[in-house]
Amino acid sequence: MKLKLSIIASSVVLALSSNAFAENDVSSLNEVVVTGSRAEKTDQDKTRSVAKVDLEKLDEIQPNSVAEAIKYEPNVSVVGANVPGNQSVNIRGLSGNKVLQVIDGNRQNMQYGHRPTYFLDPSLLGSVEVVKGPISSLYGSGAIGGVVVQNTLSADDIVEENGLGGRVKVGYQDNGDVWTNTAALANKNDDIDWIIAGSYKDSGYMKQGDDSTLYGTEATNKTGLAKFNWQINEAHKLGFNLRYADLNGRPPVVGDSSGQLNDPDSLISRRTKDQSYGINYAFNPNNPWVNLEASIYRNDTKITEVDPSIGGEDVSQLNTTGFNLTNQSEARKFKLFTGVDGYLDELDAQRAASVSGRPELPTDAQTSVIGAFGYINYEIIESVVADLGVRYDSFTSKAKGYDDNNQSSWSPSVGLFWQAQQWMAWSIRYDEAFRAPDTSELYMSGTHFAYFPGGPSNIFVPNPELSPEKSHNIELKGQFNFENVFADDSLDITAAAFQNKVKDFINLDVDMTPAGTCNPRGSFEGCAGTSKSSNIDNAELTGYEVAADYRWQQLLVGLSYGQTRGKDTDTDEWISNIPADKWVAHLQYGFWNIDTKIGTRATFVNAQNRLPAGDTEGPYDSYQLVDFYTSWEPTSELEGLKVDLSLINAFDENYRTAWTQVYQPGRSVRLNAQYTF
């Protein structure tokens, strides 16, 4: 019975992955995927494009990184090339510091240089939610492309009823000889629940599709978390949480796709230590006007790197101290969601000395942000609901020796949802969002690069006057839910179209015009020009996505397509980092008599030949990937055991994604065995 319930739950998630939101379907989805996203708390998951991946689907995919866990979603792709520790997420053509990352309700701000940003091992995830499109009205700076919400394992994921329970999980991947060991212990009773979990991953060198060695994948990853919640009485709840990651590896010297090479001589040693701890409080009396949640948190991230060609240590440390305070009210036809939040980023960085010169990072660099927002959902008539919100943020960046950068921004948002028929719903919304420039963009100086040690160099020029990036997005979405199409079955279809205009793009402008004294007796500093962050681009991102899911008895069939186009409206040129068009087909069937389900996913990615002038790496060829998976979860005396087997890139396709130079890993067999008690 447990197996049937879990597979039915998985089927519901798959059938609703296109975000159909008939009233009954939303209720079913919330029972399966528990998230704390602000989009869900304001019912914006009805009018926004939201993709959700639950624990069942994570077991099917067996991802090596958080980005891999959501790579099948339309208009969502993996960036950061092919080393899992460097990967991040592109949403509708925007990535890096234009996509906000949130873990257990707290923002993660490590977006800096070519360094990694996602440190959580997927084995400790309970679910992932991707909100596509600008959403600064709820989250503030950084959410002009969207938000990736990660929810770590909770006691509810381990223990179904009150009592003590645990889970032991062992995973193996043949490509790279990757071993992952995970353990969790949890307890629930009427007033208290807690969980302690940890994982250890050991990865070797992977192989590409042509059997070439993929350098840079060798790494170890130790992660852990602890959560404690106490329901003091009916109105008050208190919680504590701790998360830790320790990543040690030898990745490429450039940590993202720009300029990365598959060269054993271009690897560095990198050690990343990331820890987060916080306190949560909830006050929920028997009053429809008060449902208050508060939290304070601290994130400390330290990245230490050694480049053998330079020697010495590069140290980058970012400390974030933040708080969140929100309240939900509800009365008849309207809901009100209000909040105040803020954070302080403190950057401390050192660069090793070099004959060629190194970047000089700002001293005593800080960014402080405080914002307040309000959101109203109002039922105009029974079938029409409007949501209206606005947020105000004030932010200050400063560094020793430079003028402060003081800015503020309003982020309005409005949406309209119409349940035209029981089987058909439409929505339209408009959002504005912003991203404040970070301290490295404002104050970076020193050497960017040199042609050879002691030779002509390109230097960074600070720009304390940078303006924040701003986006203006409009999105139209239709959702259609059909029951009993051919038999006792269902068909769900979602289609969304968007136009996102981004103003004051912060772009690193590399000018090769000599800016120094270029003679043999003088300095060669600046003889290869300057690099300066500037507000120079006006970009327009347009596109659409369609997803259809069909369910009949044990059979699930899905098909999705995503397309994004991006142009610089000043020059009418294509802009870089826009993902190629992508089709994903999915087929799954459950064999109840043997407690097994099997499935396959096929990904078809078109060629990307829409390139900006001067691009020398493209065009990028099309490719096709096929994955297979199966899951066995016995309901007999072996209840609690679960085995997942996946074959990723089954036909060993040798391919590279758009905007990268290095080819991706080839075929891999992934096996996970877990026992929950």
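Residues numbered from 1 in each chain as written. Predicted model: local features only at pLDDT ≥ 70, side-chain atom pairs only at ≥ 80, totals over all residues. Heavy atoms only, no water.

1. A look at the sheet that holds strand β4 (residues 99-103)
Inference 1: Spatial ordering of the open sheet is given by β1-β6-β7-β4-β5, a layout of five strands whose pairing is mixed. Every interior strand has two partners, whereas the edge strands, β1 (49-53) and β5 (106-108), have only one. Averaged over neighbouring strand pairs, the angle between their axes works out to 25° when direction is ignored.
Inference 2: As paired elements, β4 and β5 share three bridges and run antiparallel to each other. Counterpart to Q101 in the pairing with β5 is Q108. (Pairing = 2+ DSSP bridges. Helix = DSSP H or I, 4+ residues; strand = E, 2+ residues; numbered from the N terminus. Axes fitted to C-alpha atoms, helices over the stretch in contact; angles between N-to-C directions.)

2. Thoughts on unusual backbone geometry
Trans peptide bonds make up most of the peptide bonds, and negative phi angles are found at most residues other than glycine.
Inference 1: Omega for the peptide link from G618 to P619 comes to 0°, which places this bond in the cis form.
Inference 2: For N649, which is not a glycine, the phi torsion comes out positive at approximately 55°.
Inference 3: Inspection of the secondary structure puts N649 in the loop between β34 (641-648) and β35 (668-676).

3. Focus on the side chain of N109
Inference 1: Within the secondary structure, N109 is located in the loop between β5 and β6 (125-132).
Inference 2: Classification of N109 by relative accessible area gives buried; the value is 13%.
Inference 3: Among the polar contacts listed, one links the side chain of N109 to the side chain of D345, at a separation of 3.1 Å. (Buried < 20%, exposed > 50% of the residue type's maximum accessible area, 1.4 Å probe, protein only. Polar contact = N/O pair within 3.5 Å; in protein donor to acceptor, adjacent residues only side chain to side chain.)

4. Focus: the pairing of strand β9 (residues 178-188)
Inference 1: Here strand β8 (residues 163-173) pairs with β9 via 11 bridges, running antiparallel. Bridge pairing in β9 places R167 opposite A184.
Inference 2: Turn length for the β8-β9 hairpin, with the two strands adjacent in sequence and antiparallel, is four residues, and the turn residue G176 shows positive phi of about 100°.
Inference 3: As judged from the 10 bridges shared by β9 and strand β10 (residues 192-203), these two strands associate in the antiparallel manner. Bridge pairing in β10 places L185 opposite I196.

5. Overview of the pattern of salt bridges
Opposite charge on two side chains allows them to pair when their charged atoms are near.
Inference 1: Applying the stated rule across the entire model yields 36 salt bridges.
Inference 2: Between D341 and R391 there is a salt bridge; the shortest N-O distance is 2.5 Å. Of this pair, D341 sits in strand β18 (residues 334-350) while R391 sits in strand β21 (residues 384-398); the two residues are 50 residues apart in sequence, bridging distant segments of the chain. The pair D341 / R391 is uniform in exposure class, with both members buried.
Inference 3: For D572, the salt bridge identified is with K567, shortest N-O distance 3.4 Å. (Salt bridge = Lys/Arg side-chain N within 4 Å of Asp/Glu carboxyl O.)

6. Quick notes on the packing of aromatic side chains
Inference 1: Enumeration according to the criterion identifies 18 aromatic pairs in this entry.
Inference 2: Seen from their ring centres, Y205 and Y215 are 5.6 Å apart, and the 75° between their planes marks the pair as edge-to-face. Taken together, the positions of Y205 in the loop between β10 and β11 (206-207) and Y215 in the loop between β12 (213-214) and β13 (219-231) put the pair 10 residues apart, joining distant regions of the chain.
Inference 3: The exposure class assigned to Y205 is partly exposed, which follows from its relative accessible area of 32%.
Inference 4: Among the aromatic residues, those joined into a ring-pair cluster are Y544, Y561 and W583. (Phe/Tyr/Trp six-rings, centres within 6.5 Å; stacked < 30°, edge-to-face > 60°.)

7. As for the environment of F434
Inference 1: Position of F434 relative to the elements: it lies in strand β23 (residues 424-435).
Inference 2: Spatially, the C-alpha atoms of F434 and V557 are 38 Å apart, while their sequence positions differ by 123 residues.

8. Overview of the confidence of the model for the chain
Inference 1: Per-chain confidence: the chain averages 88 in pLDDT, with 93% of residues scoring 70 or above.
Inference 2: In this model residues 1-35 is a low-confidence stretch, pLDDT under 50, and it forms 78 contacts with partners more than four residues away in sequence or in other chains. (pLDDT = per-residue confidence, 0-100. Contact = heavy atoms within 4.5 Å.)

9. Thoughts on the environment of F498
Inference 1: Residue position: F498 is located in strand β27 (residues 489-511).
Inference 2: What makes F498 buried here is its relative accessible area of 5%.
Inference 3: For the pair F498 and K98, spaced 400 residues apart in sequence, the C-alpha separation works out to 17 Å.
Inference 4: In this view, F498 contacts N75, R92, N473, I474, E475, L541, T542, G543, Y544, E545, Q563 and T564; residues no more than four positions away in its chain are not counted.

10. What about the nonpolar core?
Inference 1: Grouped together as the largest cluster of nonpolar side chains are 28 residues, with contacts concentrated most on I70, V89 and V148.
Inference 2: Listing elements by their share of this core, those giving two or more residues are β1, α5 (66-69), β3 (88-91), β4, β6, α7 (155-158), β9 and β10.
Inference 3: I70 has contacts with V53, V76, V89, V128, V130 and V148, leaving out every residue within four places of it along the chain.
Inference 4: In this structure, M110, A349, A399 and L466 belong to the second largest nonpolar core, which totals 18 residues. (Core = buried A, V, L, I, M, F, W, Y, C linked by side-chain atoms within 4.5 Å.)

11. Quick look at the pairing of β35
Inference 1: On β35, burial follows the alternation: S668, R670, N672, Q674 and T676 on one face are buried, whereas V669, L671, A673 and Y675 on the facing-out side are not.
Inference 2: Taken together, the seven bridges between β8 and β35 define a ladder with antiparallel strand orientation. Looking at the pairing, G171 lines up with N672 of β35.
Inference 3: Pairing between β34 and β35: eight bridges, direction antiparallel. Considered in β35, the bridge of D644 is made with N672.

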